[in-house]
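Understanding the architecture of this molecule
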There are 2 protein chains.
Amino acid sequence: MRQQSGDASLLRRLNTAAILRHLRGAESATFAELAKAARVSRPTAEAVVEELLAEGWAEECGEDSAERQRGRPAKRFRFRASAGHVVGVSIGAYRLFAMVADLGGRVVATHRMAVYPEMPADERMAAIVGLVEQAATDLGDADALAGRGAGRFAAVGVGTTGVVDARGRVVKSIALPGWTGLELQAELSRMIPAPVLVENDMRLAVLAEHWRGVAVGRRDVVYLFTGNRMSLGLLIDGVPYRGSHGASGELGEQPGGLWKVWSHVVDYAMSVEPGELRSPGQAAEFAFTRALEGDPRAVKTVEAFATGLAEGLVTVVNPLDPEMVVIGGALSRGGELLTGPIQAYLNRVCLYPPEVVASRLGVESIVVGALKLALNNADKLLFS
Amino acid sequence: MRQQSGDASLLRRLNTAAILRHLRGAESATFAELAKAARVSRPTAEAVVEELLAEGWAEECGEDSAERQRGRPAKRFRFRASAGHVVGVSIGAYRLFAMVADLGGRVVATHRMAVYPEMPADERMAAIVGLVEQAATDLGDADALAGRGAGRFAAVGVGTTGVVDARGRVVKSIALPGWTGLELQAELSRMIPAPVLVENDMRLAVLAEHWRGVAVGRRDVVYLFTGNRMSLGLLIDGVPYRGSHGASGELGEQPGGLWKVWSHVVDYAMSVEPGELRSPGQAAEFAFTRALEGDPRAVKTVEAFATGLAEGLVTVVNPLDPEMVVIGGALSRGGELLTGPIQAYLNRVCLYPPEVVASRLGVESIVVGALKLALNNADKLLFS
């Protein structure tokens with residue numbers, strides 16, 4: 001008896017999963033379409049849909065007059081994306097950033113929290129947990145799964161700087177104090193009552209560009225994150241590439257003058273406004289602004305800066321033969337000022353010059369990628 | 001009737017394929033083991049094995065006294081690797097090289113043919129066809145599939161320099177006249193009565209190192225082919241990586257002095273023996289020999305040369321995070337003279353220094369990779 005009822009309940013769960021998966025993939029569906037897609041009888045499909053309606057996973061969305069049931073138009077149902085939510089978090093030295101979306105990937109809220117570079121690791125983790133809890137509270141009590149605090153999230157994706165291994169441990173990070181060796185995924189999982197996934201920020205950035213950025217539909221992409229530090233994210237055959245220690249994309253120490261491009265913009269900014277202290281990234285933005293205003297020295301400076309980036313890029317672009325190079329991070333705001341000279345350089349030296357495109361997600365690419373990481377995980381948990 | 005007999009013959013073919021696949025994967029097997037593995041009745045297994053014995057695909061290989069049939073020890077059978085052969089070919093400017101193996105991958109013959117750099121493309125192709133026919137003839141008439149000329153090969157794998165697309169067309173080659181734009185796979189398929197596959201030589205070299213070279217069991221490998229030209233082969237997640245145009249591994253034009261390492265050894269050789277004309281590769285070998293003999297200037301020269309290679313390698317090793325770097329091609333003979341300084345350099349600048357190993361296949365890596373390409377294809381044709 002027990003064996004039999006176990007089998008029956010397993011079968012019911014498989015049928016439910018099959019119907020839910022089909023609803024999720026389709027715009028909408030009728031009982032008949034769901035029965036066919038899940039290879040179940042119509043009464044079974046009806047029973048499963050009733051259950052999904054009651055639990056808030058599905059909703060009615062009109063009628064289909066082409067398909068009729070006892071002379072009446074057939075009801076249509078769809079997946080209720082707001083049945084669940086996920087949150088993506090990016091961890092910076094100065095800022096935490098959270099983005100909340102429903103299971104359909106629609107962003108419903110963003111949250112920011114200021115932190116500081118010297119913040120101890122345990123305080124930074126507590127701040128992350130606080131931000132996720134805040135995001136859960138702000139989501140309101142509107143949906144059926146509410147009232148469980150941070151546990152209401154189907155998954156939490158977290159992007160961090162540093163080398164991250166497959167278990168979400170920060171193997172090495174020079175940017176944040178106490179971060180090296182931190183079991184970040186395990187620690188956050190202990191503090192947040194939802195599945196937590198931690199991944200390296202560059203891999204999330206390129207994932208985001210592939211999901212809803214400039215690299216949608218591309219398979220092989222070199223993504224350059226620009227800011228006060230630079231690193232790469234590599235998309236290989238449509239998937240962010242980890243490398244054998246999770247350290248892919250790190251530029252590290254490079255020979256000669258490769259990737260040492262900051263002096264162009266820093267020297268320029270200092271010469272124009274000697275009294276003003278600027279970070280390298282701020283100096284670059286200053287040069288962009290002046291170049292757009294028509295200062296010929298600024299134009300030359302930005303060109304030299306971009307050519308320096310192109311020289312670094314070609315050492316990776318030639319061996320990897322990507323179809324696209326994405327300039328991401330803070331300096332993506334430079335737009336055509338950067339992509340123009342980089343494209344011209346690659347056109348000159350590459351057998352197959354990839355298209356050079358500025359990210360439109362900018363620094364948000366990391367949190368968007370963290371959101372996608374959470375969504376992928378929620379999909380896996382809910383529909384398989 | 002026709003429908004039914006079609007189904008029966010399909011079923012028989014599926015059973016045959018299943019049993020053949022199991023025989024190929026196992027050391028040996030009895031009727032009972034084969035019946036179980038292929039999920040068929042014992043009489044069916046017996047009938048299929050009789051057919052495979054008659055056709056030369058299987059052979060008896062002793063008895064199993066642990067398993068008995070009517071009181072007698074059960075017969076054991078194994079796949080007859082010599083039932084079929086494949087050939088791998090590498091195309092050089094000065095030399096064609098063919099390697100013949102049975103379906104078990106055992107090399108049974110090698111063939112070389114001298115050609116010349118200026119050889120027109122149609123003559124070079126005719127020479128390839130001639131070499132493959134010669135290889136077929138030399139294989140003798142010993143096996144059941146003989147007497148069909150080059151058609152006796154289950155597959156022919158061909159490695160060529162240049163950018164090769166997925167259909168085996170040489171999109172670009174600067175090394176061989178008339179090679180750019182050549183439909184090499186289609187042309188050779190027209191002239192050789194066997195399935196022909198054409199692939200870029202660097203991808204075959206790294207495939208060979210992964211199959212039976214120094215990179216067995218590795219997943220992420222950067223392979224450097226050294227010789228009068230240098231290029232890379234990239235193994236990513238255990239598979240040679242193509243890039244978006246089949247141009248991965250090309251170093252192309254690189255900024256600064258990167259990869260411009262020849263002057264070290266060429267200048268050295270010229271200074272020691274001013275009258276002797278040597279190619280860059282020959283100059284390197286000359287320096288290796290003198291270094292091994294203890295000439296301190298030669299030792300310094302080889303160190304500088306190796307460090308130059310390491311500087312080029314680090315631009316790829318840091319972003320890709322491979323577990324191993326293989327030094328292949330003609331200069332792999334330098335062995336520890338090269339790998340020592342390269343390893344020391346990577347240890348100094350890499351977060352995760354990969355192991356640096358000299359290939360033992362040397363220049364043969366390409367033809368061995370071509371053989372593996374042919375074997376993989378034969379497997380696909382015969383067993384699926």
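Residues numbered from 1 in each chain as written. Chains lettered and ligands numbered in written order. Predicted model: local features only at pLDDT ≥ 70, side-chain atom pairs only at ≥ 80, totals over all residues. Heavy atoms only, no water.

Here the focus is the sheet that holds strand β4 (residues 95–102) of chain B. All names here are of chain B. Here we have five strands laid out as an open sheet, ordered β5-β4-β3-β6-β9, and mixed in their pairing. Each of the sheet's edge strands pairs with one partner strand only, and the pair in question is β5 (107–114) and β9 (196–200). Mean inter-strand twist for the sheet, computed between neighbouring axes without regard to direction, equals 15°. Note that strand β3 (residues 85–91) and strand β6 (residues 153–160) share six bridges and pair parallel. Looking across to β6, one finds that Val-87 is bridged to Val-156. Running at roughly 155° to β9, helix α5 (residues 184–191) makes contact with β3, β6 and β9 of the sheet. (Pairing = 2+ DSSP bridges. Helix = DSSP H or I, 4+ residues; strand = E, 2+ residues; numbered from the N terminus. Axes fitted to C-alpha atoms, helices over the stretch in contact; angles between N-to-C directions. Contact = heavy atoms within 4.5 Å.)

This part takes up helix α5 (residues 184–191) of chain A. Residue and element names in this part refer to chain A. Buried residues of α5: Leu-184, Gln-185 and Leu-188, and no others. Looking down the long axis of α5, one finds its buried residues gathered within 95° of arc, a one-sided arrangement. For α5, the secondary structure elements touched by its buried residues are β3 (85–91), α4 (121–138), β6 (153–160), β8 (170–172) and β9 (196–200). (Buried < 20%, exposed > 50% of the residue type's maximum accessible area, 1.4 Å probe, protein only. Arc of directions from axis to C-beta.)

It is worth spelling out the interface of chain A and chain B at this point. The interface of chain A with chain B comprises 39 residues on the first partner and 39 residues on the second. Where chain A abuts chain B, roughly 3,000 Å² becomes buried across the two surfaces, and 61% of that area is made up of carbon and sulfur atoms. Contact with chain B buries surface across chain A, with Tyr241(A), Pro319(A) and Tyr352(A) losing the most and accounting together for 20% of the total. The tally of links between chain A and chain B comes to zero salt bridges. For the interface between chain A and chain B, the tally reads 18 residue pairs in polar contact (both at pLDDT 80 or more). For the side of chain A that touches chain B, the secondary-structure elements that each account for two or more residues are β8, β11 (231–236), α9 (296–320) and α10 (336–349) of chain A. The leading source of residues in the side of chain A that touches chain B is α9(A), at seven residues. Class assignment for the residues of the side of chain A that touches chain B results in 19 nonpolar, ten polar and ten charged. (Buried area = accessible area lost by both parts, 1.4 Å probe. Salt bridge = Lys/Arg side-chain N within 4 Å of Asp/Glu carboxyl O. Polar contact = N/O pair within 3.5 Å; in protein donor to acceptor, adjacent residues only side chain to side chain. Nonpolar A, V, L, I, M, F, W, Y, C, P; charged D, E, K, R; others polar.)

Further remarks concern the packing of aromatic side chains. Residue and element names in this part refer to chain A. One pass over the full model with this rule turns up eight aromatic pairs over all chains. With 4.8 Å between their ring centres and 40° between their planes, Phe-31 and Phe-77 make a pair best called tilted. Of this pair, Phe-31 sits in helix α2 (residues 31–38) while Phe-77 is found in strand β2 (residues 72–79), placing the two residues 46 residues apart along the sequence. Residue Phe-31 shares its accessibility class with Phe-77, and that shared class is buried. Here the basic side chain of Arg-112 rests over the ring of Phe-97, its NZ or CZ set 4.2 Å away from the ring centre. Here the basic side chain of Arg-278 rests over the ring of Phe-286, its NZ or CZ set 3.8 Å away from the ring centre. (Phe/Tyr/Trp six-rings, centres within 6.5 Å; stacked < 30°, edge-to-face > 60°. Lys NZ or Arg CZ within 6 Å of the ring centre and 35° of its normal.)

A few words on the packing of α4(A) against α5(A). Residues and elements named next belong to chain A. For the pair α4 and α5, the least separation of the axes is 10 Å and the interaxial angle reads 50°. Here α5 runs oblique to α4, going by the angle between their axes. Remark: the crossing between α4 and α5 carries right-handed chirality. Each of Met-125, Ile-128 and Val-129 in α4 lies in contact with α5, whose residues at this interface are Leu-184, Glu-187, Leu-188 and Met-191. Along the lines of polarity and charge, the residues of the contact of α4 with α5 split into six nonpolar, no polar and one charged. (Parallel < 35°, antiparallel > 145°, perpendicular 65-115°, else oblique. Left-handed = near helix turned anticlockwise from the far one by under 90°.)

Moving on, we come to the relation of the copies chain A and chain B. In the superposition of chain A on chain B (RMSD 0.1 Å, axial shift 0.0 Å), the rotation amounts to 180°. Both copies of the chain, as the preceding transformation shows, are related through a two-fold rotation axis. Comparing interface residues between copies, 100% of those in chain A also sit at the interface in chain B, which points to an isologous, same-surface contact. (Least-squares fit on C-alpha atoms with pLDDT ≥ 70 in both.)

This part takes up the domain arrangement of chain A. Where the parts come together, the accessible area they lose is often given as the size of the interface. Residue and element names in this part refer to chain A. Domains assigned within chain A are domain 1 (2–79), domain 2 (84–206 + 366–383) and domain 3 (218–360). Each of domain 2 and domain 3 has a C-alpha centre, and the two are 28 Å apart. If you look at the interface, domain 2 gives 13 residues, while domain 3 gives 17 residues. Both sides together, the interface formed by domain 2 and domain 3 hides about 1,100 Å², and carbon and sulfur atoms give 59% of it. The three residues of domain 2 that bury the most area against domain 3 are Met-202, Arg-203 and Val-206, which together make up 58% of that side's buried surface. (Domains from an automatic or database assignment.)

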